[in-house]
Amino acid sequence: MLIYSLVGLTFIIWTGIYFLYFRQQVIAWFSNRFGKDRPVPVEDDAPEAQLPFSYTPPPKDDKS
């Protein structure tokens, strides 16, 4: 049990040292990874979306 406690304590200490040394880089990474993105500006003169095909319904037969 003592070994597991020492391994856990060592892991906590190394994680703390790593975070203190690379704090700015870690914070920048978290901000980039999980932060909000800026909304894309909408263009007022954007063209209307066009379909790549045109559909005309078949003519109706009145021969009932």
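How each quantity is defined
All chains use their own residue numbering, which begins from 1 and follows the written sequence. Local features in this predicted model are restricted to residues of pLDDT 70 or higher, and side-chain atom pairs are both shown and tallied only at a pLDDT of 80 or more, whereas totals for entire chains, interfaces and linings draw on every residue. Excluding hydrogens and water, the side-chain values take into account all heavy atoms of the structure. UniProt positions are given in the numbering used here, feature names are shortened, and annotations may be inferred rather than shown by experiment. A run of DSSP states H or I qualifies as a helix once it reaches four residues; a run of E qualifies as a strand once it reaches two. Both are numbered from the N-terminal end. In this description, a line fitted to the C-alpha atoms serves as the axis of each element, helices being fitted only across the stretch in contact, and the angle between N-to-C directions of two axes falls anywhere from 0 to 180 degrees. Put simply, angles under 35 degrees are roughly parallel, angles over 145 are roughly antiparallel, angles from 65 to 115 are roughly perpendicular, and the rest are oblique. Contacts are assigned to residue pairs with any non-hydrogen atoms lying within 4.5 Å of each other. In the scheme used here, Gly and all other residues not listed as nonpolar or charged are polar, with Ala, Val, Leu, Ile, Met, Phe, Trp, Tyr, Cys and Pro taken as nonpolar and Asp, Glu, Lys and Arg as charged. Two distance rules govern patches: like charges are joined within 9 Å, and nonpolar side chains (Val, Leu, Ile, Met, Phe, Trp, Tyr) within 5 Å, applied only to residues with over 30% relative accessible area and no salt bridge. To measure how exposed things are, a 1.4 Å probe is used in the Shrake-Rupley method; for residues, cover is taken only from the protein chains shown. Note on definitions: salt bridges are taken to be side-chain nitrogens of Lys or Arg within 4 Å of carboxyl oxygens of Asp or Glu. Burial classes follow relative accessibility: with a 1.4 Å probe on protein chains only, a residue under 20% of its type's maximum area counts as buried, one over 50% as exposed, and anything between as partly exposed.

S.K.: Where do I start with the UniProt feature "transmembrane region" (unreviewed entry) in the protein in this structure?
M.R.: Using the residue numbers shown here, the UniProt feature "transmembrane region" (unreviewed entry) corresponds to residues 6-23. Strand forms 0% of residues 6-23 and helix 94%; the C-alpha atoms that close the span are 25 Å apart.

S.K.: Teacher, can you tell me more about the packing of helix α1 (residues 2-21) against helix α2 (residues 23-34) here?
M.R.: When two helices pack together, their arrangement is captured by the angle between the axes and the distance separating the axes. Interhelical geometry of α1 versus α2 gives an angle of 85° and a closest axis separation of 4 Å. Here α1 is positioned roughly perpendicular relative to α2, judged by the angle of their axes. Contacts from Y18, F19, L20 and Y21 in α1 reach R23, Q25 and V26 in α2. Of the residues that constitute the contact of α1 with α2, the class distribution is 5 nonpolar, 1 polar and 1 charged.

S.K.: How do you make sense of a nonpolar patch on the surface when you look at a structure like this?
M.R.: Residues L2, L6, L9, I13, W14 and I17 make up a contiguous nonpolar surface patch of roughly 650 Å² in combined accessible area. Locating I17 in the fold gives a position in helix α1. For I17, a relative accessible area of 44% corresponds to the partly exposed category.

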